[in-house]
Amino acid sequence: MLVDSHCHLDFPDFGPEVDEVVARAHGAGVGLMVTISTKVSEFDKVRAVAERFPHVFCSVGIHPHEAESEPEIDTAKLVELAKHPKVVGIGETGLDYYYEHAPREAQQRNFRAHIAAARETGLPLIVHTRDADEDTARILGEEMGKGAFPGLLHCFSSGPQLAEKAVELGLYISLSGILTFKNAVELRETAAKVPMERLLVETDAPYLAPVPKRGKRNEPSFVVHTAVKLAEVKGVPVEQLAETTTANFLRLFSRVPPEAVLRP
């Protein structure tokens, strides 16, 4: 049984098909999904999806792309919204210097507010980082020095230095369909070195469909393909990979009761 630790079931790409998408995921052996918040102003939609399904949970947060367009969020507001029992993580947040849809300063303020909320609630911080490895590592290190917090780097596609820093700080690494892409040689080399007990799998659906589904709309059932590739990279049976990543997920996302994972 696998867990899709990061998807976006509230996005219009799924529209009225959400029931079928969730059913297909369960049929493929995906026992639990976390649908991720990107805008606090639309958090109600994310929460509503999680409330509809017993095996779907959610997060609350503001994506770095929205760090300026969303109303400035403070830690207290995030903490308050995170009291809902279906909320199991803080984010996604972080830094994206590739698109720079928001000024770097706004992204960094947003990032630190979310870190403080993760520290206060004990819920894992869900970090998005692209072309910002140095600042991501620096801020995580500075903030960890103020007090520990749990978290993961989602949809990891950075280099080995950031992966090593994350593991050193006690964070987890979540791998998406990018791992299956032909040109992702360095990412596979990095994944091979990350300890098994720090790995998760995800889709980031509707984006980044893995091989052999590349070019299609991604959905949680496709996380199986990423798991197969990661098992190959780690040199373990896929059943072992599934068992380990699910145990890792439940250890990190500690608000999720183990019985919430749909079993065969």
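Scroll up to find the structure.
Caption draft 1: Structural context of unusual backbone geometry. Cis geometry marks the peptide bond from glycine 91 to glutamate 92, where omega comes out at 20 degrees. When you line up the elements, glutamate 92 lands in strand S4 (residues 87–96). Residue valine 211 is joined to proline 212 through a cis peptide bond whose omega torsion reads 15 degrees. For proline 212, the position within the fold is in the loop between strand S8 (199–201) and helix H8 (223–234). Even without being glycine, cysteine 155 reaches a positive phi, approximately 45 degrees. On the secondary structure map, cysteine 155 appears in the loop between strand S6 (151–153) and helix H6 (160–168).

Caption draft 2: Here's a closer look at the pattern of salt bridges. Using the criterion set out here, one finds 17 salt bridges in the structure. For the salt bridge of arginine 119 with glutamate 143, the shortest nitrogen-to-oxygen distance reads 3.1 Å. In this pair, arginine 119 sits in helix H4 (residues 104–121) while glutamate 143 sits in helix H5 (residues 133–146), placing the two residues 24 residues apart along the sequence. Exposure remark for glutamate 143: the relative accessible area of 3% places this residue in the buried category. Connected through salt bridges with shared partners, the residues Arg112, Arg119, Asp135, Arg138, Glu142, Glu143 and Lys146 form a single ionic network.

Caption draft 3: Layout of the pairing of strand S7 (residues 172–175). Of the two faces of S7, the one carrying Tyr172 and Ser174 and the one carrying Ile173 and Leu175 are both buried. In this structure, S6 lies alongside S7, joined through two bridges in parallel fashion. Residue pairing for S7: leucine 153 is matched across the bridge by isoleucine 173. Tracing the backbone out of S6, into H6 and back to the parallel element S7 gives a crossover that is right-handed. Taken together, S7, helix H7 (residues 185–193) and S8 form a β-α-β motif whose crossover is right-handed.

Caption draft 4: Region of the structure containing helix H2 (residues 43–52). Phe43, Val46, Val49 and Ala50 are the residues of H2 that are buried. Viewed end-on, H2 has its buried residues packed into an arc of 130 degrees, placing them on one side of the element. Those residues of H2 that are buried lie in contact with helix H1 (18–27), strand S2 (30–35), strand S3 (56–60), helix H3 (75–81) and S4.

Caption draft 5: Representation of empty space enclosed by the protein. Inspection of the entire model under this criterion finds one cavity of 30 Å³ or more. Here the largest cavity defines a volume of roughly 70 Å³. Taken together, Ile62, Ala67, Glu70, Pro71, Glu72, Ile73, Ala106, Arg109 and Asn110 make up the full set of residues lining the largest cavity. Split into classes, the residues belonging to the lining of the largest cavity amount to five nonpolar, one polar and three charged.

Caption draft 6: Spatial organisation of the packing of aromatic side chains. Counting across every chain of the model gives three aromatic pairs. Summarising the aromatic geometry, the rings of tyrosine 98 and tyrosine 99 are spaced 4.8 Å apart at their centres and angled 85 degrees between planes, so their arrangement reads as edge-to-face. A residue is classified by how much of its surface remains accessible, and tyrosine 99, at 46% relative accessible area, is partly exposed. Ring centres 4.5 Å apart and planes at 15 degrees place the aromatic pair phenylalanine 249 and phenylalanine 253 in the stacked group. Each member of the pair, phenylalanine 249 as well as phenylalanine 253, is classed as buried. Sitting above the plane of the phenylalanine 57 ring, lysine 86 keeps its charged end 4.3 Å from the centroid. Lying over the aromatic face of tyrosine 97, arginine 104 brings its terminal NZ or CZ to 3.9 Å of the ring centre.

Definitions and cut-offs
Residues numbered from 1 in each chain as written. Predicted model: local features only at pLDDT ≥ 70, side-chain atom pairs only at ≥ 80, totals over all residues. Heavy atoms only, no water. Helix = DSSP H or I, 4+ residues; strand = E, 2+ residues; numbered from the N terminus. Salt bridge = Lys/Arg side-chain N within 4 Å of Asp/Glu carboxyl O. Buried < 20%, exposed > 50% of the residue type's maximum accessible area, 1.4 Å probe, protein only. Pairing = 2+ DSSP bridges. Right-handed = clockwise from strand over helix to strand, strands pointing away. Arc of directions from axis to C-beta. Contact = heavy atoms within 4.5 Å. 1 Å grid on protein atoms, 1.4 Å probe; cavity = no way out; pocket = protein on both sides within 12 Å on 5 of 7 lines; lining within 4 Å. Points joined across faces, edges and corners; volume = space filled by probe spheres on them. Nonpolar A, V, L, I, M, F, W, Y, C, P; charged D, E, K, R; others polar. Phe/Tyr/Trp six-rings, centres within 6.5 Å; stacked < 30°, edge-to-face > 60°. Lys NZ or Arg CZ within 6 Å of the ring centre and 35° of its normal.

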